[in-house]
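The primary structure of each chain is shown beneath.
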Amino acid sequence: MSVTVPGNFIGNINEKEKGSYAAYALCSVVQGGCTGLKVTDNIAAGAPYAGFVAPGHDCDDYSSTKFRNNVAHSIVGASAGHGALIYPDPDANHGGCYEGSYFSAYKCYYQGAYAYYSSNKVVFSRMTMIDNRLGFGAGLAAGDRASATILIKDNKI
C-alpha cells in the first residue's frame, strides 16, 4: 500500500478521554504493507499527544521524502505534548541507525521531536525547534545503552 500525504493542515484535536491522540499517525500502528510512504509539507496544531508519530529514515539519506518539511505547533495534552515521535521504520533495514530530519516544531509542551525506541544510533538533524518546553532529544528504550549513540547535529534551536 502506497501512502502519500502532501500539504495538509490538521488542528484542534480534542482529548475527550485520556489516551493517545496524534494529528498524524503515519504507519505507526500497522507493521508491514506500508511502503512508499511520502509525508511532506504538512502542519499539525493543537493535538493532545503528538503532532506526528512518524518513521525515521536511513542515516545520512537526505533524499528521503518519507517524512520531510512538516511542522508541529501548540501540541499540549494531559500527559503528553510532543511535536513528533520519530521511530525506526519497521519495514526498513536501518542497519542499527535511523534518523529524523527536516522537521520543525514550536510551542510544544514537551519535546519538539523525540525518539525512545530500540536502536544502536539515533540522529536528529536539519530541524528547527522554537519555544518547546524541553527542546528535543532522544533516549533508548532497550539494548546496550553504554555503546549506543544519540547524535543531534545541524539544527536550529
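Here the structure is a predicted model, which is why all the values come from computation and not from measurement.

**Here's the deal with the sheet that holds strand S3 (residues 22–25)**
Turning to step 1, where the next piece is worked out: Strand order in the open sheet made by the five strands is S3-S6-S10-S13-S16, with parallel pairing throughout. The sheet is open, and its two edges are formed by S3 and strand S16 (137–139), each paired on a single side. Pairs of neighbouring strands in the sheet enclose a mean axial angle of 20°, with direction left out of account.

**Side note on the pattern of salt bridges**
Turning to step 1, where the next piece is worked out: Across all of its chains, the model carries three salt bridges by this definition.
Turning to step 2, where the next piece is worked out: The salt bridge partner of Asp-60 is Lys-153, with a shortest N-O separation of 3.6 Å. Of this pair, Asp-60 sits in the loop between strand S7 (57–58) and strand S8 (67–68) while Lys-153 sits in strand S17 (residues 149–153), and the two are 93 residues apart along the sequence.
Turning to step 3, where the next piece is worked out: On the accessibility criterion, Asp-60 (55% relative accessible area) is exposed.
Turning to step 4, where the next piece is worked out: Between Lys-66 and Asp-89 there is a salt bridge, with its nearest N and O atoms 2.8 Å apart. Placement of Lys-66 in the loop between S7 and S8 and of Asp-89 in the loop between strand S10 (82–87) and strand S11 (97–101) is noted, with a sequence separation of 23 residues between them. For the pair shown, Lys-66 and Asp-89 are each scored as buried.

What counts as what
Residues numbered from 1 in each chain as written. Predicted model: local features only at pLDDT ≥ 70, side-chain atom pairs only at ≥ 80, totals over all residues. Heavy atoms only, no water. Pairing = 2+ DSSP bridges. Helix = DSSP H or I, 4+ residues; strand = E, 2+ residues; numbered from the N terminus. Axes fitted to C-alpha atoms, helices over the stretch in contact; angles between N-to-C directions. Salt bridge = Lys/Arg side-chain N within 4 Å of Asp/Glu carboxyl O. Buried < 20%, exposed > 50% of the residue type's maximum accessible area, 1.4 Å probe, protein only.

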